[in-house]
Amino acid sequence: MKSLFAVALLSPVLAFAQSTPVGLWKTIDDDGKTAKSLVRISEQGGTLVGSIDKLLDPAAPADAKCDKCADDRKDKPVLGLQIIRGVKAEGDGVWGGGEVLDPNNGKTYRTRLKPVDGGKKLEVRGYIGAPLFGRTQTWVRVE
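Please read all numbers here as calculations on a predicted model, not as lab measurements.

Draft legend 1. Local environment of the overall build of the chain. In terms of regular secondary structure, the chain is built from one helix and eight strands. The helix and strand sequence of the chain, counted from the amino end, reads α-β-β-β-β-β-β-β-β. For the chain, buried positions account for 34% of its 143 residues. Sequence-distant contacts in the chain: of pairs separated by 6 or more residues, those separated by 24 or more amount to 36%.

In structure tokens form, the structure reads like this:
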């Protein structure tokens, strides 16, 4: 009986945890099929940041560097690279106000993160100007 009560108390907490972008995500390329990396999103100082935990693309060299980056990430190893910065909750299950880096071309984009499918997937929208002008990738929760 006590375990059932504990599960009932924890259910809202677990549901909330799954409805945030915080966690480990498998990034899927724009083709919707190719897994590229694992990105860990965490909370630091009131904002969300995301770093590349593991490269899954067999064509990507393990010692790859962000040679096309133009900011403090220039020539830093892609593995461990912080690609999401400054994202905050905006309400209605959407996080934004920060940026996402594409380490392949070194460009940064404004970003919007939205957990979907009960928190099992994450829509990551990168855009310039308004969200209308951008692209969305759907990442899959690993943990």
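Right, picking up where we left off after that structure.
Draft legend 2. View of the environment of G45. Mapping G45 onto the fold places it in the loop between strand 2 (35–44) and strand 3 (47–55). Overall, the relative accessible area of 83% leaves G45 in the exposed class. Separated by 41 residues in the primary sequence, G45 and G86 have C-alpha atoms spaced 9.6 Å apart.

Draft legend 3. Up close: the pattern of salt bridges. Taken as a whole, this structure holds seven salt bridges when the rule is applied. Ionic pairing is found between R135 and D102, a salt bridge with its closest N-O pair at 3.5 Å. Of this pair, R135 sits in strand 8 (residues 134–141) while D102 sits in strand 5 (residues 94–102), and the two are 33 residues apart along the sequence. Its relative accessible area of 41% is what places R135 among the partly exposed residues. By relative accessible area, D102 is classed as buried at 13%. Each of R40, D53 and E143 takes part in salt bridges that share partners, so that together they form one network.

Draft legend 4. Structural detail: the pairing of strand 2. Two strands pair when backbone bridges link them, and strand 1 (residues 23–28) and strand 2 are joined in this way by six bridges, in the antiparallel orientation. Opposite K26, over in strand 2, you have L38 as the bridge partner. Hairpin connection of strand 1 to strand 2: six residues between the antiparallel strands, including G32 at a positive phi of 80°. As paired elements, strand 2 and strand 3 share eight bridges and run antiparallel to each other. Counterpart to S37 in the pairing with strand 3 is L55. Turn length for the strand 2-strand 3 hairpin, with the two strands adjacent in sequence and antiparallel, is two residues, and the turn residue G45 shows positive phi of about 60°.

Draft legend 5. Fine view of the pairing of strand 3. With three bridges joining them, strand 3 and strand 4 (residues 82–91) adopt antiparallel strand pairing. When the bridges of strand 4 are listed, L48 appears paired with V87.

Draft legend 6. The arrangement of the state of the cysteines in detail. By the definition in use, this model includes one disulfide. Here C66 connects covalently by a disulfide to C69, the sulfurs 1.8 Å from one another. One disulfide, between C66 and C69, carries an S-S torsion of 70° and so falls in the right-handed class. There is no split in this pair, since C66 and C69 are both buried.

Draft legend 7. Local environment of the sheet that holds strand 1. The strand order around the closed barrel formed by eight strands is 1-2-3-4-5-6-7-8, and the pairing between neighbours is antiparallel. Neighbour to neighbour, the strand axes of the sheet diverge by 35° on average, direction disregarded.

Draft legend 8. Structural view of the side chain of R141. Tracing the backbone shows R141 in strand 8. Lacking a salt bridge, the buried R141 has E143 as its closest oppositely charged neighbour, with an N-O distance of 8.3 Å. A distance of 3.0 Å separates a polar side-chain atom of R141 from the backbone oxygen of V22. Among the polar contacts made by the side chain of R141, one reaches the main-chain carbonyl oxygen of E143 at a distance of 3.5 Å.

The rules we used
Residues numbered from 1 in each chain as written. Predicted model: local features only at pLDDT ≥ 70, side-chain atom pairs only at ≥ 80, totals over all residues. Heavy atoms only, no water. Helix = DSSP H or I, 4+ residues; strand = E, 2+ residues; numbered from the N terminus. Buried < 20%, exposed > 50% of the residue type's maximum accessible area, 1.4 Å probe, protein only. Contact = heavy atoms within 4.5 Å. Salt bridge = Lys/Arg side-chain N within 4 Å of Asp/Glu carboxyl O. Pairing = 2+ DSSP bridges. Disulfide = S-S within 2.5 Å. Axes fitted to C-alpha atoms, helices over the stretch in contact; angles between N-to-C directions. Lys, Arg positive; Asp, Glu negative; His and termini not counted. Polar contact = N/O pair within 3.5 Å; in protein donor to acceptor, adjacent residues only side chain to side chain.

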